[in-house]
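Commentary on secondary and tertiary structure
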Amino acid sequence: MALVLHVVGARPNFMKVAPLMAALSRRGAAQRLVHTGQHFDERMSGVFFAELGLPRPDLDLGVGSGTHGEQTGRVMIAFERALLEAAPRPDLVVVPGDVNSTVAAALVAAKLGIPVAHLEAGLRSHDRTMPEELNRVVTDHLADLLLTPSPDADENLAREGVPAARVARVGNLMIDTLRAHLPRARALSAWRYLGLEEGGYAVLTLHRPSNVDDPAALGRLLGALAEVARALPVVFPVHPRTRARLADPALAGAAAALRLVEPLGYLEFLSLTSAARLVLTDSGGLQEESTALGVPCLTLRENTERPVTVSEGTNHVVGTDPGRIVAEARRALDGAPGRGRVPALWDGQAGERAADAVLAFLARA
Ligand code: UD1
């Protein structure tokens, strides 16, 4: 029987792989799971395995943090060794998303002649200053099977010359996970134990290097967000990268206007966003989750690799100019609470379609 090996590394990978692993398991497929250890904190990794019902990884490469070269290199060295020692050798390596672990694992597998499937293939911000964009482009061109979430992704791949026979549009796996867990998340009422009212607060996340690594840029953003916080409480679960930057005393004043909390688990965070009046974020996944939930979202970036969240969903890409952020937040708060349409194939069945595509690929191989 063919063996499928999934490689995850960072927080947003876990909710993408879970529905595919579950669907393959229902079909009796043989599977293994490798965690690269890019994210290692309980709050960034462990809690997601428990809540999403992911199996314990068969192997943890324990690579941890570092510069891009160090982190990517460490995944490559450790994953190559693991594949060379693997018995049996996997017939397919599945990599989700666009993090350093994704591209590193794809490159190792491809060089060993093991076919690669890319989950969430074809997304493009068309901004090569973004590390994830480089990871996406390289991974897509290494992959033998490209599982895409939306028509724009198929178009990007066609434009780059990726043969259509390699591409299968399966829909949004992250939204499978959201739909499966929403009732439990709602039942938690996480807003209550933060002393907030349903629909009466905003949720903020910030972790992109372009927004948080430069203290001046982060200071400008926090100033605008403190202004938004005059209109309604802004809850800010702080990513470890951002937490390190907030230690700068120059940022303390603006940060004090926000409700800073530790990174939350999947269910608590979903609970919180599901009842938010507004989401402010530079995350990719949260743009999609707010569209699926019908919660207005302001994306604090100059571009998005997820354009259907803008054309169909609740997302507005507003950039990082403080005046614009404040004005757009006011407009969102003055408008009707939720709107937008959930894009096609964000229906909770993407994992099933991805499993079908994987098994069809293995049958052909
Ligand atoms: C990575 C991904 C990004 C994704 C994000 C989700 C890349 C290039 N970036 O960014 O696409 O949106 O994950 O969170 O792969 N740290 C901890 N504990 C952890 C993990 C990280 O303390 O469990 C700290 C370390 O100080 C580390 C920093 O966070 O240096 C950044 O971690 P890293 O994995 O390098 O990148 P992210 O910013 O998390």
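Our structure is the block above this text.
Keep in mind it's a predicted model, so treat the numbers as computed, not measured. (Residues numbered from 1 in each chain as written. Predicted model: local features only at pLDDT ≥ 70, side-chain atom pairs only at ≥ 80, totals over all residues. Heavy atoms only, no water.)

Some thoughts on empty space enclosed by the protein
Taken as a whole and assessed by the stated rule, the structure comprises one cavity of 30 Å³ or more. Of the pockets and cavities examined, the largest cavity occupies roughly 50 Å³. Around the largest cavity, the lining residues are K16, E120, L147, T148, P149, V170, G171, N172, L173 and M174. Sorting the residues of the lining of the largest cavity by element identifies β6 (145-148) and α7 (173-188) as the ones contributing at least two each. By residue class, the composition of the lining of the largest cavity is five nonpolar, three polar and two charged. (1 Å grid on protein atoms, 1.4 Å probe; cavity = no way out; pocket = protein on both sides within 12 Å on 5 of 7 lines; lining within 4 Å. Points joined across faces, edges and corners; volume = space filled by probe spheres on them. Helix = DSSP H or I, 4+ residues; strand = E, 2+ residues; numbered from the N terminus. Nonpolar A, V, L, I, M, F, W, Y, C, P; charged D, E, K, R; others polar.)

Some points on the layout of surface pockets
Approximately 240 Å³ is the volume found for the second largest pocket. Within the residue set of the lining of the second largest pocket, elements represented by two or more residues are α1 (11-26), α7 and α16 (350-364). In terms of residue count, the dominant contributor to the lining of the second largest pocket is α1 (six residues). Tallied by class, the residues present in the lining of the second largest pocket amount to nine nonpolar, six polar and three charged.

Digging into the sheet that holds strand β2 (residues 30-35)
The sheet built from seven strands is open, its strands ordered β3-β2-β1-β4-β5-β6-β7 with parallel pairing. In the strand order of this sheet, the two ends are held by β3 (59-60) and β7 (167-169), each with one partner. Pairing between strand β1 (residues 3-8) and β2: six bridges, direction parallel. Bridge assignment links L5 to a residue of β2, and that residue is R32. Packing of α1 onto the sheet brings it into contact with β1, β2, β4 (92-96) and β5 (116-119), and relative to β1 it is tilted by some 165°. Seen against the sheet, helix α3 (residues 68-85) touches β1, β2, β3 and β4 and runs at an angle of roughly 165° to β1. (Pairing = 2+ DSSP bridges. Contact = heavy atoms within 4.5 Å. Axes fitted to C-alpha atoms, helices over the stretch in contact; angles between N-to-C directions.)

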